[in-house]
Amino acid sequence: TYAAFSPKGDMVAYVIPGSSSQNAAVAFYNMRTKQTQTRIITEQSASSLSWSPDGQWVAFLAGTGRVRLWKLSVSTATLIALTPYPETAFDLEGIN
């Protein structure tokens, strides 16, 4: 999902795709005030937006080749990686 309504239905979060020279962003459109806040993220692509039940955070997948789960604060723009990059999360050597 590249767009998602907040639990209260008053905001929409959506992805602004990045490019090879620019990171992607998550934008929050407030339907009441008709204002948009844009938060640049650390990756070039993002998808699968999902709001927290209290509407304070948006979780999403981001990455190109290496995908991580992130959460982004709607009010403070705090960006937190919830998972490490896959190659540091798992040691696949020796698995048959």
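What comes next is a walk through the structure. (Residues numbered from 1 in each chain as written. Predicted model: local features only at pLDDT ≥ 70, side-chain atom pairs only at ≥ 80, totals over all residues. Heavy atoms only, no water.)

## Looking at the overall build of the protein chain
Going by this rule: What counts as a helix is a DSSP run of H or I of at least four residues, what counts as a strand is a run of E of at least two, and both are numbered from the N terminus. Note on exposure labels: buried denotes an accessible area under 20% of the residue type's maximum, exposed denotes more than 50%, and partly exposed covers the range between, all computed with a 1.4 Å probe on protein chains only. Contact between two residues is taken to exist if any of their heavy atoms lie within 4.5 Å; hydrogens are not considered. Each accessible area value is a Shrake-Rupley result obtained with a 1.4 Å probe; residue values ignore everything except the protein chains displayed when judging cover.
Assigned secondary structure in the protein chain consists of one helix and eight strands. Starting at the N terminus, the α and β elements of the protein chain follow one another as β-β-β-β-β-β-β-β-α. Across the 96 residues that make up the protein chain, the buried fraction comes to 31%. The contacts of the protein chain with a sequence gap of at least 6 include a subset with a gap of at least 24, amounting to 24%. Carbon and sulfur atoms form 54% of the exposed surface of the protein chain, whose accessible area is close to 6,000 Å².

## Let's talk about the sheet that holds strand β5 (residues 46-51)
Across a sheet, paired strands are connected by hydrogen bonds in the backbone, their directions being either parallel or antiparallel. We count it as follows: Note: two strands are recorded as paired if DSSP finds a minimum of 2 bridges between them. Inter-axis angles, ranging from 0 to 180 degrees, are taken between N-to-C directions of lines fitted to C-alpha atoms, where helices are fitted over the stretch in contact.
Taken together, the four strands give an open sheet; going across it, the order is β5-β6-β7-β8, and neighbouring strands pair in antiparallel fashion. The open sheet is flanked by β5 and β8 (79-81), the only strands paired with a single partner. Direction aside, the axes of adjacent strands within the sheet are offset by 25 degrees on average. The pairing of strand β7 (residues 68-73) with β8 spans three bridges and is antiparallel. Bridge pairing links Leu72 to Leu79 in β8.

## Topic: the nonpolar core
One recurring pattern in soluble globular proteins: nonpolar side chains tend to sit buried together. Rules: What is meant by a nonpolar core is a set of buried Ala, Val, Leu, Ile, Met, Phe, Trp, Tyr and Cys residues, joined one to another through side-chain atoms within 4.5 Å.
The biggest cluster of nonpolar side chains holds 17 residues, and the ones touching the most others in it are Val26, Phe28, Ile41, Leu49, Trp51, Val58 and Phe60. Secondary-structure elements contributing two or more residues to this core are β2 (11-16), β3 (25-30), β5, β6 (57-62) and β7. What Phe60 contacts, discounting residues up to four positions off in sequence, is Val26, Ile41, Ala46, Ser47, Ser48, Leu49, Arg68, Leu69, Trp70, Leu72 and Leu79.

## Some points on the sheet that holds β3
Strand order across the open sheet formed by four strands is β1-β2-β3-β4, with antiparallel pairing between neighbours. Each edge of the open sheet is held by one strand with a lone partner, namely β1 (3-5) and β4 (35-40). For this sheet, the mean inter-axis angle between neighbouring strands, taken without regard to orientation, is 20 degrees. Here β3 runs beside β4; their pairing, made up of six bridges, is antiparallel. Bridge pairing in β4 links Phe28 to Gln37.

## Brief notes about the environment of Leu49
On the secondary structure map, Leu49 appears in strand β5. Measuring from C-alpha to C-alpha, the distance between Leu49 and Leu61 comes to 7.4 Å, with 12 residues separating the pair along the chain.

In short, geometric facts, not functional conclusions.
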